[in-house]
Amino acid sequence: MMGEEFQASKPIYMQIVDRIVQQIIRGELLPEEKLPSVREMAIQTGVNPNTIQRTYSELERMEVVETKRGQGTFITEDEQMIKQLKVNMQIGIIEVFVKNMKELGFSDKEMVTGLETYFERKRGEDDD
Amino acid sequence: MIEFQSVTKNYGGDEGLSNINISLEKGKIYGLLGPNGSGKSTTLKLIAGLAYPSKGKVIVNGKTVNRKIASEVVYLTEVDMFYPSFKVKDMISYYQTQFSDFSLNKADELLSFMNLEPERKIKHLSKGNRGRLKLVLALSRTASVVLLDEPFSGLDPMVRDSIVKSLLSYIDFNNQTVIIATHEIDEIEPLLDEVIALREGEFIGKFNVEDLREKEGLSIIDWMKQTFKE
């Protein structure tokens, strides 16, 4: 786990927030599941415990996790919240895609056509 | 808890320091960075009471540093300080006689954490295992200041990993402050709260690792490359 790469452009605590959210979306972390303690998570990732504490506080602020006194930190049981996370993640990825395409001079329509063509070709390949 | 007040240290050579003012807080892990000869080791020696300022004051736990500070400071040197004919367990007993805050229980725990055999002779240990043993000895003490001079130097990634994990497992973040002097910042950046950078004996910056990313979009390596390229 250690030596995992972190991007320079973003705080480490937020990159770990992103990873945990992705694990929830993929179903690797389930509703009501307990997260490792701050210290355990620090050891697993090779990251400073103060940074991990910030990750957990941010997840709590986002209402993705709940801290139960004396018991630890748990993934929310709110399924609606998890659906929302998934939608937000999708929007985020689309925003990056659209921004990159715009910078290359593609219009909205060209992007949509481009995607459709891409999927058609992909389906064709899969049928072979 | 550690303070440098206008500290200057003159040596014949170039490893001195000029007019350093810094203060370090409890419960944090600091990286002390800079090229060789920038004054990293001198800084650690001044905190450990192994050298004294030519001008100014070094204060640790509210006291001006003198010889007695050794009971409150763990200092892991870059060089091996082992008796080669000793067994691992002899080194542990020797340390126990030297430091009243040395905990045998913690040492036992750390030995098994690091997979070190107590009956093994030190001269038969690999370089990596000697590096691990140094960490065992350092982390078995409860002193409030832990100074590590180049703890990763020349060690392979597996050993570095076990050192990082032992620090995260055994440091008491409520009571201890850790300062790691290193020129190999690469893999340990996520371990650090703050960084202090030195160049040719001068203080050139102190910042929070996460703030640097948040405000400037830079990792410590990026910042070092920018700052030291001239």
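Residue numbering note: each chain is counted from 1, following its sequence as written. Just so you know, chain letters begin at A and ligand numbers begin at 1, following the order they were written in. Since the coordinates come from a predicted model, pLDDT governs what is reported: local features require at least 70, and pairs of side-chain atoms require 80 or more to be given and counted, while whole-chain, interface and lining totals use all residues. Hydrogens and water molecules were not included; the side-chain quantities draw on all heavy atoms of the structure.

Asks: Help me get a handle on the confidence of the model for chain B, residues and values and all.
Replies: Residues and elements named next belong to chain B. For every residue, the predictor assigns a confidence score, pLDDT, that lies between 0 and 100. Averaged over every residue, the pLDDT of chain B is 91; residues scoring 70 or more account for 99%. Helix and strand labels come from DSSP, where a helix needs a run of H or I of at least four residues and a strand needs a run of E of at least two; each type is numbered from the N terminus. Mean pLDDT across the elements of chain B bottoms out in helix α7 (residues 220-228) (86) and peaks in strand β7 (residues 145-149) (96). Both scores are given for the predicted complex: the pTM is 0.88, the ipTM 0.87.

Asks: Quick rundown of helix α1 (residues 40-48) of chain B? Include the residues and the values.
Replies: Residue and element names in this part refer to chain B. Burial classification: accessible surface area is computed with a 1.4 Å probe over protein chains only, and a residue below 20% of its type maximum counts as buried, one above 50% as exposed, and the rest as partly exposed. Of all nine residues in α1, eight are buried; the element is thus mostly enclosed. Among all positions of α1, only Lys 40, Ser 41, Thr 42, Thr 43, Leu 44, Leu 46, Ile 47 and Ala 48 are buried. Directly after α1, the chain includes Gly 49, whose backbone phi takes a positive value near 75°.

Asks: Any chance you could break down the packing of aromatic side chains for me, citing the residues and the numbers?
Replies: Here is the rule: rings of Phe, Tyr and Trp (six-membered ring for Trp) pair when centre to centre is within 6.5 Å. Planes less than 30 degrees apart are stacked, more than 60 are edge-to-face, and the remainder are tilted. Per the stated rule, a full pass over the model turns up nine aromatic pairs over all chains. A ring pair is formed by B:Tyr94 and B:Tyr95, whose centres lie 6.3 Å apart and whose planes are at 70°; its orientation type is edge-to-face. Judged by its relative accessible area of 30%, B:Tyr94 falls in the partly exposed class. In this arrangement the basic side chain of A:Arg54 is found over the ring face of A:Tyr13, its NZ or CZ atom lying 4.0 Å from the centre. Here, over-ring charges are defined by two tests on the NZ atom of lysine or the CZ atom of arginine: distance to the ring centre within 6 Å, and angle to the ring normal within 35 degrees.

Asks: Explain a nonpolar patch on the surface to me, using residue names and the numbers behind them.
Replies: A patch is a set of surface residues, each over 30% in relative accessible area and not in a salt bridge, joined within 9 Å for like charges and within 5 Å for the nonpolar side chains Val, Leu, Ile, Met, Phe, Trp and Tyr. Under the convention used here, a 1.4 Å probe and the Shrake-Rupley method define accessible areas, while residue burial counts only the protein chains that appear. By convention in these notes, a salt bridge is any Lys or Arg side-chain nitrogen within 4 Å of a carboxyl oxygen on Asp or Glu. A surface patch of nonpolar side chains, amounting to about 380 Å² of accessible area, comprises A:Phe97, A:Leu115, A:Tyr118 and A:Phe119. With three residues, helix α5 (residues 108-127) of chain A is the single largest residue contributor to the nonpolar patch.

Asks: Residue-level account of the packing of helix α2 (residues 88-98) of chain B against helix α3 (residues 104-113) of chain B, with values.
Replies: Residue and element names in this part refer to chain B. As a rule, the C-alpha atoms of each element are fitted with a line to give its axis, helices using only the stretch in contact, and angles between N-to-C directions run from 0 to 180 degrees. In the contact formed by α2 and α3, the axes pass within 11 Å of each other and the chain directions differ by 150°. Compared by their axis directions, α2 and α3 come out roughly antiparallel. Judged by the twist between their axes, the crossing of α2 over α3 is right-handed. Contacts between α2 and α3 involve Val 88, Ile 92 and Gln 96 on the former and, on the latter, Leu 104, Ala 107 and Leu 111. To sort the angles, those under 35 degrees are grouped as roughly parallel, those over 145 as roughly antiparallel, those from 65 to 115 as roughly perpendicular, and the leftovers as oblique. In this scheme, a crossing is called left-handed if the near helix is turned counterclockwise away from the far one by less than a right angle; it is called right-handed if the turn is clockwise. Throughout, a contact is declared for two residues whenever any of their heavy atoms are within 4.5 Å.

Asks: Could you give me a rundown of the pairing of β7(B), with the residues and numbers involved?
Replies: Residues and elements named next belong to chain B. In terms of burial, β7 is a largely internal element, five of the five residues being buried. Both faces of β7 are covered, namely the face carrying Val 145, Leu 147 and Asp 149 and the face carrying Val 146 and Leu 148. At least two bridges found by DSSP between two strands are what make those strands a pair. Strand direction decides the pairing type here: strand β6 (residues 73-76) and β7, joined by four bridges, are parallel. Of the residues in β7, the one forming a bridge with Tyr 75 is Leu 147. In this sheet, strand β8 (residues 177-182) lies alongside β7 in parallel orientation, the contact comprising five bridges. Its bridge partner being in β8, Asp 149 is matched across the sheet by Ala 181. With its strands directed away from the observer, a crossover is right-handed exactly when the path from the first strand over the helix to the second travels clockwise. In this fold, the crossover linking β7 to β8 by way of helix α5 (residues 157-170) has right-handed handedness.

Asks: Let's hear about the nonpolar core: which residues, and what values?
Replies: Most often, soluble globular proteins keep nonpolar side chains buried together rather than apart. Only buried Ala, Val, Leu, Ile, Met, Phe, Trp, Tyr and Cys residues count toward a nonpolar core, and they belong to the same one when joined by side-chain atoms within 4.5 Å. B:Leu133, B:Leu167, B:Ile180 and B:Ile220 are the most contacted members of the largest nonpolar core, which has 76 residues in total. Looking at this core element by element, the count peaks at eight residues for helix α1 (residues 12-25) of chain A. Domain limits in this description derive from either an automatic procedure or a database domain assignment. Lining this core are residues from two domains, each supplying at least three of them: domain 1 (12-77) and domain 2 (80-127) of chain A. Leaving out residues up to four positions away in the same chain, B:Leu167 has contacts with B:Leu135, B:Leu139, B:Leu148, B:Ile180 and B:Leu191. By size, the runner-up hydrophobic cluster in this structure holds 26 residues, among which are B:Tyr30, B:Ala48, B:Val65 and B:Ile196.

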